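Secondary and tertiary structure notes
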Amino acid sequence: MTDPITDLDERYSEPGAFPVSWEWARDLVRDAEIYWLSTVRPGGRPHVTPLIGVWVDDAWHFCTGPGERKAVNLDGNPAVAVTTGTNVYAEGFDIVLEGAATLVSDEALLHRLADAYVAKYGRQWRFEVTAGGFRGGGGLARVYQVAPVTGFGFGKGPFSQTRWRFGGPGAGVSAPTIGGD
């Protein structure tokens, strides 16, 4: 991944605010324990759910059963928004990443992702790599990758809004627009 174009949106930023580097924000995404995934239902309504995930090779990864609502939604529309941050008004930093969720089938990457889940969340999240996905306590799971196309960072002391624009895979997918666009 090349460095994204980084901009401060002064319309939503206090005087003295500055754009946050992608490296700093990426580390927040990597280290977060809980994320919120937004997908689009077949009728166009949003579906939002909390889940865990791992950051590997410049992308965020998650898994879900093939019959779960998010997987059914992704079968029809790969556009997603991934959010993480704090639930405090005047401190912390919130991040929104937009992109397309794509299935991971590369066996070497699946093994690295399985190891990343254990390293981050502990042995209760040990997955067996199967043909095209994971098998765990909940049965078979598809594994998805989200390489960000656009990201937004919301500082809350001072208030600021940083936007990161990425190129690469998924850049042509029409993802939901969030923030000052």
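Notes on the structure in this doc start here. Predicted model, so just to flag it, every value in this text is computed and none were measured.

The next subject is the pattern of salt bridges. Taken as a whole and judged by the stated rule, the model has eleven salt bridges. Put simply, Arg26 and Asp27 hold a salt bridge, and the shortest N to O gap is 3.2 Å. Residue classification places Asp27 among the partly exposed positions, given a relative accessible area of 25%. Across the salt bridge formed by Arg126 and Asp115, the nearest N and O atoms sit 3.3 Å from each other. In this pair, Arg126 sits in the loop between α3 (107–121) and β8 (128–130) while Asp115 sits in helix α3, placing the two residues eleven residues apart along the sequence. Exposure remark for Arg126: the relative accessible area of 37% places this residue in the partly exposed category. The class of Asp115 is partly exposed, set by a relative accessible area of 43%.

Let us now look at the pairing of strand β7 (residues 93–103). When you tally the buried positions in β7, you get nine out of eleven residues, the bulk of the element. Bridge analysis of strand β6 (residues 79–84) against β7 gives six bridges, and the strand direction is antiparallel. Looking at β7, one finds that Ala79 is bridged to Ala100. Bridge count between β7 and strand β10 (residues 139–156): eleven bridges; the pairing is antiparallel.

The full count for this structure, using the stated rule, is 14 aromatic pairs. Relative to Trp60, the ring of Tyr35 has its centre 5.0 Å away and its plane inclined at 55°; by these criteria the two rings are tilted. Taken together, the residues span a long stretch of sequence, with Tyr35 in strand β2 (residues 35–40) and Trp60 in strand β5 (residues 59–64) at a distance of 25 residues. Like Trp60, Tyr35 is buried. These aromatic residues form a ring-pair network of at least three members: Tyr117, Tyr121, Trp125, Phe127 and Phe134.

This part takes up the side chain of Thr49. Checked against the element boundaries, Thr49 lands in strand β3 (residues 46–51). Filtering out sequence-adjacent residues up to four positions away, Thr49 remains in contact with Tyr35, Trp36, Leu37 and Lys70.

Counting residues in hydrophobic clusters, the biggest one holds 39 residues, and the most contacted among them are Trp60, Phe62, Val82, Leu113, Tyr117 and Phe134. Broken down by element, the residue count for this core peaks at six residues, all from α3. With residues near it in sequence (within four places) discarded, Val82 still touches Tyr35, Trp36, Leu37, Trp60, Ile95, Val96, Leu97 and Val146.

Conventions we followed
Residues numbered from 1 in each chain as written. Predicted model: local features only at pLDDT ≥ 70, side-chain atom pairs only at ≥ 80, totals over all residues. Heavy atoms only, no water. Salt bridge = Lys/Arg side-chain N within 4 Å of Asp/Glu carboxyl O. Buried < 20%, exposed > 50% of the residue type's maximum accessible area, 1.4 Å probe, protein only. Helix = DSSP H or I, 4+ residues; strand = E, 2+ residues; numbered from the N terminus. Pairing = 2+ DSSP bridges. Phe/Tyr/Trp six-rings, centres within 6.5 Å; stacked < 30°, edge-to-face > 60°. Contact = heavy atoms within 4.5 Å. Core = buried A, V, L, I, M, F, W, Y, C linked by side-chain atoms within 4.5 Å.

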